[in-house]
Amino acid sequence: MGVNYINYNEAVISDYDAVVVGSGFAGSVVAREYAERLGARVLMIEKRAHIAGNAYDEYDEAGILVHRYGPHIFHTNSQRVFRYLRKYTGWIAYQHHVLADWYGTYMPVPFNKNSMEIAFGEEKAAHLIEKLIETFGDERKVTINELRAQDDEELSEIADFVYKNVFLYYTQKQWGQTPEEVDPSVTARVPVFISRDDRYFQDEYQGMPVYGYTKLFEEMLDYEGIDVALNTDATSVFDLEFEDDSEDAKLSAIKLHGQAFEGPIIYTGPLDELFLSRFGRLPYRSLNFVYETYDEQYKLPCGTVNYTVTEDYTRVTEFKHLTCQKSDKTTIMKEYSCSYDDPIEQIPYYAIINDENNAHYERYLKLTESLDNFHPLGRLAEYRYYNMDVIVGLALDLADKLIKQAGEAK
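Description of the structure in this document. (Residues numbered from 1 in each chain as written. Predicted model: local features only at pLDDT ≥ 70, side-chain atom pairs only at ≥ 80, totals over all residues. Heavy atoms only, no water.)

### Remarks on the overall build of the protein
- Looking only at helices and strands, the protein has 14 helices and 23 strands in total.
- The C-alpha radius of gyration computed for the protein amounts to 23 Å, which stays within 12% of the reference 22 Å derived for 410 residues, consistent with globular compactness.
- Over its C-alpha atoms, taken along the principal directions, the protein stretches across nearly 75 × 50 × 40 Å.
- Put simply, the protein has 410 residues, and 55% of those count as buried. (Helix = DSSP H or I, 4+ residues; strand = E, 2+ residues; numbered from the N terminus. Rg over C-alpha atoms; globule rule 2.2 N^0.38 Å. Buried < 20%, exposed > 50% of the residue type's maximum accessible area, 1.4 Å probe, protein only.)

Below, the structure written as structure tokens:
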């Protein structure tokens with residue numbers, strides 16, 4: 001059948017049992033579960049001209065399958081999440097590897113035994129590795145703070161090297177901060193692996209969708225109870241009603257086409273933008289991507305190279321490593337972090353989480369607390385960072401809750 005795309009202006013709101021804003025993992029999982037398990041009708045509203053959210057991928061002019069909003073590598077320890085997504089896609093058994101470009105020398109990230117030999121030379125590294133194993137045990141993950149807490153100059157030397165050569169400049173570029181502004185609590189968690197396992201993730205289930213993420217979403221949303229309205233911004237079609245005229249008045253209803261919608265509304269967009277940023281915009285970091293195509297098999301030795309001590313960009317991704325695609329051409333993507341200043345032209349990627357910003361978000365969240373059928377879900381709606389698998393798990397949990405409530409209401 002395929003995804004059923006409709007024009008929002010032609011939607012008859014009374015025909016729907018639920019409304020979902022956003023077609024990424026959060027929205028799509030809830031939409032499919034609610035429609036299929038209840039035999040319900042779901043209207044999905046998507047701001048962009050395509051489904052799949054930031055996981056969207058497509059073939060470029062060279063015929064290379066590229067991720068348009070940054071690399072997405074699936075990994076999880078949740079059997080439930082893995083089995084759920086397996087209903088909609090097969091998997092390529094891909095294990096992600098990341099190298100840091102250390103002044104032209106490639107070094108595995110996260111920092112491990114192999115990295116140590118590159119950084120310190122084999123003889124000194126052997127001594128340091130032996131000391132690490134004696135202190136913490138083998139096949140362990142330790143943090144910079146744990147190394148420094150030993151009051152040992154050599155262990156501190158490892159911590160200092162990782163901080164300066166793997167973490168500091170990369171973090172400055174990523175978050176637009178000076179060294180003094182870098183959160184010490186984040187620095188403290190930077191890991192060193194006492195291992196030769198060079199994989200970036202150690203999760204039980206890892207892989208890439210055989211035909212790409214967009215195809216996965218097409219399969220998930222290919223259901224007769226789901227209608228998808230693209231190019232539809234919730235802020236332009238939601239008519240918000242409030243309890244009174246005060247600035248902090250809570251929502252009393254959300255109208256679509258002039259009528260209050262009483263079924264579940266799952267909202268996965270930026271919560272501040274839904275309220276037209278009445279308290280000011282929530283701070284995010286955004287990204288710019290530059291694509292380059294070459295007439296050669298591969299440009300990089302692995303899927304991602306982080307530039308931790310040089311270059312203005314943070315990392316470069318070569319998609320053929322991820323997708324195992326065969327071609328005599330290759331496309332790489334350079335990733336530049338930047339401030340989020342223009343919600344029309346830019347995309348909010350990473351919430352800048354601190355106490356002040358959390359309080360700012362909570363003020364927006366309180367506007368929704370009196371509306372029992374409104375459910376914020378996902379990175380933007382919850383102002384948090386989530387991996388893909390966590391989002392899928394949370395969406396399944398919310399779907400279970402909503403389906404149970406619908407059953408109790410009958």
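### Side note on the packing of aromatic side chains
- Under the definition given, this model contains 26 aromatic pairs.
- Relative to Phe-161, the ring of Phe-111 has its centre 5.7 Å away and its plane inclined at 50 degrees; by these criteria the two rings are tilted. Here Phe-161 lies in helix α6 (residues 153-175) and Phe-111 lies in the loop between β9 (105-109) and α3 (113-120), a separation of 50 residues in the sequence. Both residues of the pair, Phe-111 and Phe-161, count as buried.
- Ring geometry for Tyr-349 and Tyr-350: centres 6.5 Å apart, planes at 40 degrees, overall tilted. (Phe/Tyr/Trp six-rings, centres within 6.5 Å; stacked < 30°, edge-to-face > 60°.)

### Structural notes on the sheet that holds strand β13 (residues 226-229)
- Read across the open sheet, the six strands follow the order β1-β13-β3-β2-β17-β23; overall the sheet is parallel. If you trace the sheet from one side to the other, it starts and ends with β1 (4-5) and β23 (374-376), each paired once.
- Two strands pair when backbone bridges link them, and strand β2 (residues 18-21) and strand β3 (residues 42-45) are joined in this way by four bridges, in the parallel orientation. Paired with Val-19 across the two strands is Leu-43, which belongs to β3. (Pairing = 2+ DSSP bridges.)

### Here's the deal with α3
- Burial analysis of α3 places six of its eight residues in the buried class, the great majority of the element.
- Regarding α3, the residues found buried are Lys-113, Asn-114, Ser-115, Met-116, Ala-119 and Phe-120.
- Turning to α3, the residues buried within the fold contact β8 (98-102), β9, α4 (122-136), α6 and β11 (191-194).
- The N-cap of α3, judged by a side-chain oxygen 3.0 Å from the amide nitrogen of Asn-114 a few residues on, is Asn-112. (Contact = heavy atoms within 4.5 Å. Polar contact = N/O pair within 3.5 Å; in protein donor to acceptor, adjacent residues only side chain to side chain.)

### What about the sheet that holds β9?
- Spatially, the seven strands line up as an open sheet ordered β9-β8-β19-β20-β21-β18-β22, and their pairing is mixed. Of all the strands in the sheet, just β9 and β22 (350-351) have a single pairing partner and so form its edges.
- Summarising the sheet, β8 and β9 pair through five bridges and their orientation is antiparallel. Bridging from a neighbouring strand, Val-98 pairs with Val-109 of β9.

### Concerning the packing of α3 against α4
- Put simply, α3 and α4 touch, their axes get as near as 7 Å, and they point 140 degrees apart. Accordingly, the angle class assigned to the pair α3 and α4 is oblique. When you trace α3 past α4, the crossing you get is right-handed. Within the contact between the two elements, α3 uses Lys-113, Met-116, Glu-117 and Phe-120 and α4 uses Glu-122, Lys-124, Ala-125, Leu-128, Ile-129, Leu-132 and Ile-133.
- Among the residues forming the contact of α3 with α4, the class breakdown is seven nonpolar, no polar and four charged. (Axes fitted to C-alpha atoms, helices over the stretch in contact; angles between N-to-C directions. Parallel < 35°, antiparallel > 145°, perpendicular 65-115°, else oblique. Left-handed = near helix turned anticlockwise from the far one by under 90°. Nonpolar A, V, L, I, M, F, W, Y, C, P; charged D, E, K, R; others polar.)

### Overview of unusual backbone geometry
- In this structure, Pro-110 follows Val-109 across a cis peptide bond, with omega equal to 0 degrees.
- Non-glycine residue His-257 carries a positive phi angle of around 50 degrees.
- Along the polypeptide, His-257 turns up in the loop between β15 (251-256) and β16 (259-260).
- Not every positive phi belongs to a glycine, and Glu-311 is a case in point at roughly 70 degrees.
- Inspection of the secondary structure assignment puts Glu-311 in the loop between β19 (304-306) and β20 (315-318).
- Since its relative accessible area comes to 37%, Glu-311 is described here as partly exposed.

### Some words on the nonpolar core
- Phe-25, Tyr-34, Phe-74, Tyr-84, Leu-85 and Val-392 are the most contacted members of the largest nonpolar core, which totals 61 residues.
- By residue number, the principal contributor to this core is helix α14 (residues 388-409), which donates ten residues.
- One finds Tyr-8, Ile-254, Leu-274 and Tyr-383 within the second-largest nonpolar core, a separate group that totals 36 residues. (Core = buried A, V, L, I, M, F, W, Y, C linked by side-chain atoms within 4.5 Å.)

### Notes on the pattern of salt bridges
- For the coordinates displayed, the defined rule picks out 23 salt bridges.
- The closest approach of N and O atoms between Arg-37 and Asp-400, which form a salt bridge, is 2.8 Å. In this pair, Arg-37 is assigned in helix α1 (residues 25-38) and Asp-400 in helix α14, connecting sequence segments 363 residues apart.
- Classification of Arg-37 by relative accessible area gives partly exposed; the value is 41%. (Salt bridge = Lys/Arg side-chain N within 4 Å of Asp/Glu carboxyl O.)

### Side note on the pairing of β20
- Where burial is concerned, the two faces of β20 agree: the one with Arg-315 and Thr-317 and the one with Val-316 and Glu-318 are both buried.
- Pairing of β19 with β20 involves three bridges; the strand directions are antiparallel. Within β20, the position partnered with Val-305 by the bridge is Val-316.
- The pairing of β20 with strand β21 (residues 330-339) spans four bridges and is classified as antiparallel. Across the sheet, Arg-315 pairs through a bridge with Glu-335, a residue of β21.

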